[in-house]
Amino acid sequence: MVSDSHMNWPSIGEESFCQWGFDEPTCAHEDALSEEPRIVGWKPNALAAIAQLAESISVILAARIQQQVLERKVMLLDARCEALEVARPTVVPIQTLAPFPYRLVKPFEVLVTFHGDHYVASFVDANIGASGDTDVEAVLNLKDMLVSAFEMLAELNDDELGPGPCMQKHVLEEFIRRAERRGRDHKGTG
Amino acid sequence: MAVITKELAERIAHKLDAQIVPGGAHDIARVVHDGRLVAFFGIRRGSKKDAGHDHIPSQVFLNPSKARLLGQCPLSKADWIRIIREKGKLS
């Protein structure tokens, strides 16, 4: 066993207490410290200043957060506007079915909508549509589809058609006619 | 992204036992029920299986999500017949 008396503990005198910051009434520096000018009432002032600073910081932070929220909202609205502009349906007037050998009795309009990676052109009255990689391709494909549908439906009697195709047939008949042939007769007369 | 791709369009046609008739830019899928043509739609030519065919849902009288289900497994031809009968597209 090693007793405490055998160890070399440093002696703790009055000066040591003073060095470590303990209030020791007998400290030699006490008098000198007491002569320094004291700022009376600094604590409440400091606390008030800190509180004011904290309030200012919180106001600035709130404003910045609000600004960031608004910026985010503007960005989202901007993206939505852009998406809506791209996806906005376009109405395209159809004046001719060329190059197909059909003529239009009267022009009609088709609706072209964007579907993320392709376009759909629809003749809404007849519920006939077609897709394409571009808006122009979709309209051309729709013309092709209208002609194909017209030919197919013309071969069938009404009693061979369900309500949907029957309606489609009558709508198409209202707009489309087979073009009369031109060609050799005209050449022969020249 | 397309709701209905060419692959799904072909599956829908197959599921509805549609008769495929070659056309110009399209093949036409004809759906016949009880001897009457009840619906038809075009399937684009080309090798791209993911080519969009979002014109099909309205032509089979379904909304896009149900048309997609028809191309996938959940919705059967019998379900489709029931739906379009309710919409008056068979009588």
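Definitions and cut-offs
Residues numbered from 1 in each chain as written. Chains lettered and ligands numbered in written order. Predicted model: local features only at pLDDT ≥ 70, side-chain atom pairs only at ≥ 80, totals over all residues. Helix = DSSP H or I, 4+ residues; strand = E, 2+ residues; numbered from the N terminus. Buried ≥ 20, exposed ≤ 12 C-beta atoms within 10 Å, placed from the backbone. Contact = placed C-beta atoms within 7 Å. Pairing = 2+ DSSP bridges. Axes fitted to C-alpha atoms, helices over the stretch in contact; angles between N-to-C directions. Parallel < 35°, antiparallel > 145°, perpendicular 65-115°, else oblique. Nonpolar A, V, L, I, M, F, W, Y, C, P; charged D, E, K, R; others polar. Core = buried A, V, L, I, M, F, W, Y, C linked by C-beta atoms within 7 Å.

A. Geometry of the overall build of chain A. In terms of regular secondary structure, chain A is built from six helices and six strands. Counting from the amino terminus, helix and strand elements in chain A follow one another as α-α-α-β-β-β-β-β-α-α-β-α. Out of the 190 residues in chain A, the part that is buried amounts to 17%. The contacts in chain A between residues at least 6 apart in sequence include a share of 34% that link residues at least 24 apart.

B. Just the environment of H26(B), in detail. All names here are of chain B. Inspection of the secondary structure puts H26 in strand β2 (residues 26-33). A residue is classified by how many C-beta atoms lie within 10 Å of it, and H26, with 21 of them, is buried. Residues H26 and G42, spaced 16 residues apart in sequence, show a C-alpha to C-alpha distance of 5.4 Å.

C. Representation of the pairing of strand β3 (residues 36-44) of chain B within the structure. Residues and elements named next belong to chain B. β3 sits mainly inside the fold: eight of its nine residues count as buried. The sheet contact formed by β2 and β3 spans eight bridges and is antiparallel. Each bridged residue has a counterpart across the sheet, and for R30 the counterpart in β3 is F40. Between β2 and the antiparallel strand that follows it, β3, lie two residues; D34 among them carries a positive phi value of about 55 degrees.

D. Structural context of the packing of helix α4 (residues 135-154) of chain A against helix α5 (residues 163-175) of chain A. All names here are of chain A. At a closest axis distance of 10 Å, the pairing of α4 and α5 adopts a crossing angle of 110 degrees. Considering their axes alone, α4 and α5 lie roughly perpendicular with respect to each other. Side by side, α4 and α5 meet where L146, A149, F150 and L153 of the first sit next to P165, Q168, K169 and L172 of the second. Looking at the contact of α4 with α5 residue by residue, the classes come out as six nonpolar, one polar and one charged.

E. Region of interest: the nonpolar core. Core analysis: the biggest nonpolar cluster contains 44 residues, and L146(A) and I12(B) have the highest contact counts within it. The greatest single-element share of this core, amounting to seven residues, is contributed by α4(A). Residues in contact with L146(A), not counting those within four places in the same chain, are F123(A), I128(A), L172(A) and I176(A).

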